[in-house]
Amino acid sequence: MTAPSHPAAPALNFVLIGFMGSGKSSIGRILATKLGFHLVDTDAMVVEAAGMQITDLFAWKGEDVFRDYESYALQCLADRPVRGTVISTGGGIVIRPQNVALLHRLGFVVLLTAREEVLFERVSRNKTRPLLHTPNPRETLSQLLTGRAPLYEAAADFTVDTSVHSHTQAADAILAEACRRFPSWNPGL
Ligand code: S3P
């Protein structure tokens, strides 16, 4: 008897990492919709656990406390354990090495990148990123990106450049790569 293809699909999780403005939330939504997967967002988990928005958490408790909430959110996901889920993460999740280990435990880690000027244009559309509330956000972004780039690269199983692909194309590229790497995984699309 041939097993139905779709029930096997949820065994995989997709974990999206990348700098602020790299498209994690939008591409995560598209991926989850295409696959009929759950979508979780570590930033949203932090907001719920802390009972306040991220800008307020940074302002009142500081970045370290935010990072503790973020690591706790990831640990909760790894402990459940979740399946058939797209996990969108905050841009700084790779800073703590223990987080990177959890990302790999959770699933297929996909790095979304974009050219620096594209990232800046995207993040300039709203003021929800406290790390960029500086006198020169363009320079801050550049410095953060330079410091984090090796961490993102080291953590990634697969990378997609979202400045050359539309979000839908990026989601399709991620799915194609997952099908190639995990031949027994059949999303039934
Ligand atoms: C951060 C990125 C944000 C959020 C917080 C810190 C970072 O998430 O977690 O403001 O350190 O890069 P997005 O990447 O979804 O903007």
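Basis of the calculations
Residues numbered from 1 in each chain as written. Predicted model: local features only at pLDDT ≥ 70, side-chain atom pairs only at ≥ 80, totals over all residues. Heavy atoms only, no water. Helix = DSSP H or I, 4+ residues; strand = E, 2+ residues; numbered from the N terminus. Rg over C-alpha atoms; globule rule 2.2 N^0.38 Å. Buried < 20%, exposed > 50% of the residue type's maximum accessible area, 1.4 Å probe, protein only. Contact = heavy atoms within 4.5 Å. Areas by Shrake-Rupley, 256 points an atom, 1.4 Å probe, with all protein chains shown as cover. Lys, Arg positive; Asp, Glu negative; His and termini not counted. Charge placed at Lys NZ, Arg CZ, Asp CG, Glu CD. Near = heavy atom within 4 Å. Polar contact = N/O pair within 3.5 Å; in protein donor to acceptor, adjacent residues only side chain to side chain. Nonpolar A, V, L, I, M, F, W, Y, C, P; charged D, E, K, R; others polar. Phe/Tyr/Trp six-rings, centres within 6.5 Å; stacked < 30°, edge-to-face > 60°. Lys NZ or Arg CZ within 6 Å of the ring centre and 35° of its normal. Salt bridge = Lys/Arg side-chain N within 4 Å of Asp/Glu carboxyl O.

*Asks:* Help me understand the overall build of the protein chain, please; the structure alone is not making it clear to me.
*Replies:* Looking only at helices and strands, one finds eight helices and five strands in the protein chain. Starting at the N terminus and walking to the C terminus, you meet the elements of the protein chain as β-α-β-α-α-α-β-α-β-α-α-β-α. Since a compact globule built from 189 residues should have a radius of gyration of about 16 Å, the 17 Å found for the protein chain is in line with a globular shape. The dimensions of the protein chain, computed from C-alpha atoms along their principal axes, are 65 × 35 × 25 Å. Looking at the protein chain as a whole, 47% of its 189 residues are labelled buried. Sequence separation of at least 24 residues holds for 76% of the intrachain contacts in the protein chain that already meet a minimum separation of 6. Surface accessibility of the protein chain: about 9,300 Å² in total, with carbon and sulfur atoms responsible for 55%. Distance between charge centres in the protein chain, computed from 18 positive and 18 negative side chains, equals 3 Å.

*Asks:* Can you walk me through the site of the ligand in this structure?
*Replies:* In the vicinity of the ligand lie 13 residues, with K24, D43, R67, R129 and R148 positioned nearest. Between the ligand and D43, the relevant distance is 2.7 Å, taken from an oxygen atom to a side-chain nitrogen or oxygen of the residue. Contacts to the ligand include R129, whose side-chain N or O atom sits 2.8 Å from an oxygen atom. Calculation on the ligand without its partners gives an accessible area of 380 Å², and the protein chains cover 94% of this total. Looking at the shell around the ligand, its residues break down into five nonpolar, three polar and five charged.

*Asks:* I'm lost on the packing of aromatic side chains in this one. Help?
*Replies:* How two aromatic rings sit relative to each other is set out by the distance from centre to centre and by the angle between their planes. Across all of its chains, the model carries six aromatic pairs by this definition. Ring centres of F14 and F108 lie 6.1 Å apart, and the angle between their planes is 70°; on these two criteria the pair is classed as edge-to-face. Of this pair, F14 sits in strand β1 (residues 14–18) while F108 sits in strand β4 (residues 108–113); the two residues are 94 residues apart in sequence, bridging distant segments of the chain. Accessibility assignment for this pair places F14 and F108 in one class, buried. Grouping aromatic residues by their ring pairs yields a cluster made of F14, F37, F108, F158, F182 and W185. Sitting over the ring of F120, R138 keeps its end group 5.5 Å from the ring centre.

*Asks:* Any chance you could explain the pattern of salt bridges here in plain terms?
*Replies:* Between side chains of opposite charge, pairing is possible as soon as their charged atoms come close. In the structure shown here, the tally under the stated rule is ten salt bridges. K34 is the partner of D172 in a salt bridge, and the nearest nitrogen-oxygen pair spans 2.9 Å. Of the two residues, D172 sits in helix α8 (residues 167–181) while K34 sits in helix α1 (residues 24–35), which places them 138 residues apart along the sequence. Judged by its relative accessible area of 35%, D172 falls in the partly exposed class. Its salt-bridge partner being E177, residue R181 comes within 2.7 Å of it at the nearest N-O pair. Note that R181 and E177 are positioned in helix α8 at a spacing of four residues, about one turn of the helix. Among the residues examined, E177 registers a relative accessible area of 10% and is labelled buried.

As far as function goes, none of this settles anything; it's purely spatial.
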